[in-house]
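What follows is each chain in one-letter form.
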Amino acid sequence: MNRRELTGLLVATGLAPAAWAQGATPVEGKDYTRVNPPQPTQSPGKVEVLEFFSYACPHCFSFEPALEGWVKKQPAFVVFRRVPVPFLYNAENFQRTYYALESLGLVDAVHRKLFTAVHVEKARLDKPEEIAAIVAKNGGDATKFLATFKSFSVATAASRAKKLNADYKMDGVPNLAIQGQYLTSPSQAGSAERSLEVADWLIAKVKSK
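Everything numeric here is computed off the predicted structure, so don't read it as measured data. (Residues numbered from 1 in each chain as written. Predicted model: local features only at pLDDT ≥ 70, side-chain atom pairs only at ≥ 80, totals over all residues. Heavy atoms only, no water.)

Caption draft 1: Structural detail: the pattern of salt bridges. Per the stated rule, a full pass over the model turns up eleven salt bridges. In this structure, the salt-bridge partner of Asp31 is Lys30, at a minimum N-O distance of 3.7 Å. When its relative accessible area of 1% is taken as the criterion, Asp31 is described as buried. The salt bridge partner of Asp126 is Arg124, with a shortest N-O separation of 3.5 Å. With a relative accessible area of 32%, Asp126 lands in the partly exposed category. Residue classification places Arg124 among the exposed positions, given a relative accessible area of 51%. In the salt-bridge network here, residues are joined through shared partners; they are Lys30, Asp31, Arg194 and Glu197. (Salt bridge = Lys/Arg side-chain N within 4 Å of Asp/Glu carboxyl O. Buried < 20%, exposed > 50% of the residue type's maximum accessible area, 1.4 Å probe, protein only.)

Given below as structure tokens:
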């Protein structure tokens, strides 16, 4: 597929920013890299996007507003999942926290509040009870959160996240993985906005195959 055809697909799927018309096509090795070896995905018939992140990461905190808006605009064939990484401060607690929130349907209510607590309020959140208090302030049940945090299912999800991290050879966050084949990030592409434009382009590239 040539550049004109790919741009046409971007327009058809609603993924085309004005930059492509101006010739700012993403460049491999500059704006994105290939995953080697490619990794399997969990969403047959869809294009899967993973965000590797940590609540301890200030760059993830800065990226989140743009990412959140981008996710809401994605077409139905795109599946987005977050993967908390097993490194940086408080990694195990933060991995379990995210999967507990996901299990309880509280990601939308609490996710950004945790970022704010860590990076604006300078809370360490190294005790599950401190995290549970934030959950309770934002519409959740602290007791249910703590029980879910300590559950076998959340421990299993955290273990899977560790394996994904190893499979993708992840050593920095935030990072976006597209369909197990490509990686892009704000640091690589040059800005949060540019990395999301590159992600759109890669999604269309995958969709075209």
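Caption draft 2: Structural detail: the sheet that holds strand β2 (residues 47-53). Ordered in space as β1-β5-β4-β2-β3, the five strands form an open sheet in which the pairing is mixed. Single-partner strands in this sheet number two, and they are β1 (33-34) and β3 (78-84). In this sheet, β3 lies alongside β2 in parallel orientation, the contact comprising seven bridges. Bridge assignment links Phe53 to a residue of β3, and that residue is Pro84. Its contacts with the sheet place helix α4 (residues 91-104) against β2 and β3, and it is angled at close to 145° to β3. (Pairing = 2+ DSSP bridges. Helix = DSSP H or I, 4+ residues; strand = E, 2+ residues; numbered from the N terminus. Contact = heavy atoms within 4.5 Å. Axes fitted to C-alpha atoms, helices over the stretch in contact; angles between N-to-C directions.)

Caption draft 3: Representation of the packing of aromatic side chains. Evaluation of the coordinates by the stated rule reveals twelve aromatic pairs. Geometrically, the ring pair formed by Phe53 and Tyr55 is edge-to-face, given 5.2 Å between the ring centres and 85° between the ring planes. Judged by relative accessible area, which is 0%, Phe53 ranks as buried. Between Tyr98 and Tyr99, the aromatic rings sit 5.6 Å apart at their centres with planes inclined by 75°, giving edge-to-face as the arrangement. Through a chain of ring-to-ring contacts, the aromatic side chains of Phe53, Tyr55, Phe61, Tyr89, Phe94, Tyr98, Tyr99 and Phe115 assemble into a single cluster. A cation over an aromatic ring shows up here: Lys207 above the ring of Phe77, its NZ or CZ 4.5 Å from the ring centre. (Phe/Tyr/Trp six-rings, centres within 6.5 Å; stacked < 30°, edge-to-face > 60°. Lys NZ or Arg CZ within 6 Å of the ring centre and 35° of its normal.)

Caption draft 4: Quick peek at the layout of surface pockets. Reported here for the largest pocket is a volume of approximately 290 Å³. What lines the largest pocket is a set of 13 residues, and nearest its centre among them are Gln42, Arg81, Arg160, Ala161 and Leu164. Where the lining of the largest pocket is concerned, the elements lending two or more residues are β3, α4 and α8 (152-167). Per-element tally for the lining of the largest pocket: the top contributor is α8, with six residues. Its residues assigned to classes, the lining of the largest pocket comprises five nonpolar, two polar and six charged. (1 Å grid on protein atoms, 1.4 Å probe; cavity = no way out; pocket = protein on both sides within 12 Å on 5 of 7 lines; lining within 4 Å. Points joined across faces, edges and corners; volume = space filled by probe spheres on them. Nonpolar A, V, L, I, M, F, W, Y, C, P; charged D, E, K, R; others polar.)

Caption draft 5: Structural context of the nonpolar core. Counting residues in hydrophobic clusters, the biggest one holds 39 residues, and the most contacted among them are Phe52, Tyr55, Leu101, Leu114, Leu125, Phe145 and Tyr168. Within the residue set of this core, elements represented by two or more residues are β2, α4, α5 (107-119), α6 (128-137), α7 (142-149) and α8. Among the elements that take part in this core, α5 stands out by supplying six residues, more than any other. Discounting residues that sit within four places of it in the chain, Phe145 has contacts with Thr97, Ala100, Leu101, Leu104, Pro128, Ile131, Ala132 and Val135. Residues Val49, Phe77, Leu196 and Ile203 belong to the second largest nonpolar core, which totals 21 residues. (Core = buried A, V, L, I, M, F, W, Y, C linked by side-chain atoms within 4.5 Å.)

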